[in-house]
Amino acid sequence: MRVVTTAQPLDVQPTPLALLLLGREADPKSERGVECPGDLPSPSDPDLVARARAAKEKLGDKVFILGHHYQRDEVIEFADVTGDSFKLARDAAARPEAEYIVFCGVHFMAESADILTSDDQKVVLPDLAAGCSMADMATAEQVAECWDVLAEAGIADVTVPVSYMNSSADIKAFTGKHGGTICTSSNAKKALDWAFEQGEKVLFLPDQHLGRNTAVRDMGMSLDDCVVYNPHKPDGGLTAEQLRGAKMILWRGHCSVHGRFNLDSVNDVRERIPGVNVLVHPECKHEVVAAADYVGSTEYIIKTLEAAPAGSKWAIGTELNLVKRLANRFAAEDKEVVFLDRTVCFCSTMNRIDLPHLVWTLESLAEGTLVNQIQVDKETEAFAKLALERMLALP
């Protein structure tokens, strides 16, 4: 017998994120635009390199160009310094004579540079659409709501927020305002040690994998000591009992690049390349970190390869631009460097900064036109800087 039922309309209220994805709402803080207020040079322009050199030479000491490790080679060629996000922000602060800081990276990095540099310096991001999917996974409103949930569970006063450098200025400011600190992938353990001296629990933002890997691999906690707060579920998808029983409350965020690596990637490369050393970033999943031979930040990865013996073989689990650059660099030393996964995966937002955008930026500045300035408001800057200074004070 066939039963026919009449469908009833569902009483579903779309979330702000759903409306945003459907194009029915706008978020001026995340929708930073992709249009340049001028003519962007064609990528096929054969004079791009010469134009970049000429504009940089015209600007002289007025400009200081920062290049993150994950940038394209065509951009890195013009960087005055290269490094990870925090190193570059500090390098910018150490160049007070530079009127313009051109940050070839992503939005949160340029914000950090603006926080750490003087009011007279202007931080510029060549493409305002160069964001970070991880940083965008934690908004100020979501984190404030999370803190209310912790307060209702009776644990907010014993919880210390620790935010990864890969977070927005708003999240850094929240961290500073609530007695917390910032960390990088290289000093996360020091930051957590400090935090547990201040309180009983840590709210780790926004990368769950770095928080979990540091707690379990470096500090001897168990996976059961960690819970994941999902901002898209009521109360984070956790009960008050789960929150009260946890030591590490991990935000449900991740890096879209490092999150692609899995245990199959590790097993596959070991089978293909006998004797290979697997070296991964701590933003990778816990199963990948547990199966790797070495784990560390981008700076650690570079230094490990520098110290590696000739003839050694390495599979690297981090962004592909850096891996390709390292493979080319160390081939002359008879070191084999390959990408951990068979699937090619660049950081799509890092790759938004290309040579045409850099040329447009430099030529605009050389003509006296300030473009794409990144400015953090004074209140946000004050609390974010407080959190950063706590990190700088770590032993």
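Presented here is a report on the structure given in the accompanying data block. Quantities reported herein were computed from a predicted structural model and do not represent experimental measurements.

Scoring rules and cut-offs
Residues numbered from 1 in each chain as written. Predicted model: local features only at pLDDT ≥ 70, side-chain atom pairs only at ≥ 80, totals over all residues. Heavy atoms only, no water. Buried < 20%, exposed > 50% of the residue type's maximum accessible area, 1.4 Å probe, protein only. Helix = DSSP H or I, 4+ residues; strand = E, 2+ residues; numbered from the N terminus. Pairing = 2+ DSSP bridges. Polar contact = N/O pair within 3.5 Å; in protein donor to acceptor, adjacent residues only side chain to side chain. Contact = heavy atoms within 4.5 Å. Core = buried A, V, L, I, M, F, W, Y, C linked by side-chain atoms within 4.5 Å. Axes fitted to C-alpha atoms, helices over the stretch in contact; angles between N-to-C directions. Parallel < 35°, antiparallel > 145°, perpendicular 65-115°, else oblique. Left-handed = near helix turned anticlockwise from the far one by under 90°.

1. What to know about the pairing of strand β1 (residues 63–68)
The side chains of a regular strand alternate, residue by residue, between the two faces of the sheet.
So, step 1. For β1, the buried fraction is high: six of the six residues fall into the buried class.
So, step 2. Residues Val-63, Ile-65 and Gly-67 of β1 are buried on one face, and the alternating residues Phe-64, Leu-66 and His-68, pointing to the opposite face, are buried as well.
So, step 3. Note that β1 and strand β3 (residues 100–104) share five bridges and pair parallel. Pairing of Val-63 across the sheet is with Tyr-100, part of β3.
So, step 4. Bridging between β1 and strand β2 (residues 81–83) involves three bridges; their strand directions are parallel. Of the residues in β2, the one forming a bridge with Gly-67 is Thr-82.

2. Observations concerning the side chain of Asp-84
So, step 1. You can see Asp-84 is positioned in the loop between β2 and α4 (85–93).
So, step 2. From its side chain, Asp-84 meets the backbone nitrogen of Lys-87 in a polar contact 2.9 Å long.
So, step 3. When near neighbours in sequence (up to four residues on either side) are disregarded, Asp-84 contacts His-68, His-69, Thr-298 and Glu-299.

3. Overview of the nonpolar core
Note that soluble globular proteins tend to have their nonpolar side chains buried in a common cluster.
So, step 1. Ranked by size, the top nonpolar core spans 106 residues in total, and within it Val-102, Phe-204, Met-248, Val-280, Leu-305, Val-337 and Leu-340 carry the most contacts.
So, step 2. Looking at this core, the element that brings in the most residues is helix α15 (residues 355–366), giving seven residues.
So, step 3. One finds Cys-146, Ile-155, Ile-171 and Phe-174 within the second-largest nonpolar core, a separate group that totals 20 residues.

4. Observations concerning the packing of helix α13 (residues 298–307) against helix α14 (residues 320–331)
So, step 1. It is the contact of α13 with α14, at a shortest axis distance of 11 Å, that shows an interaxial angle of 15 degrees. When the axes of α13 and α14 are compared, the pair comes out roughly parallel. Handedness of the α13/α14 crossing: right-handed. Taking contact as the criterion, the partners of Thr-298, Ile-301, Ile-302, Leu-305 and Glu-306 in α13 are, on α14, Leu-322, Leu-326, Arg-329 and Phe-330.

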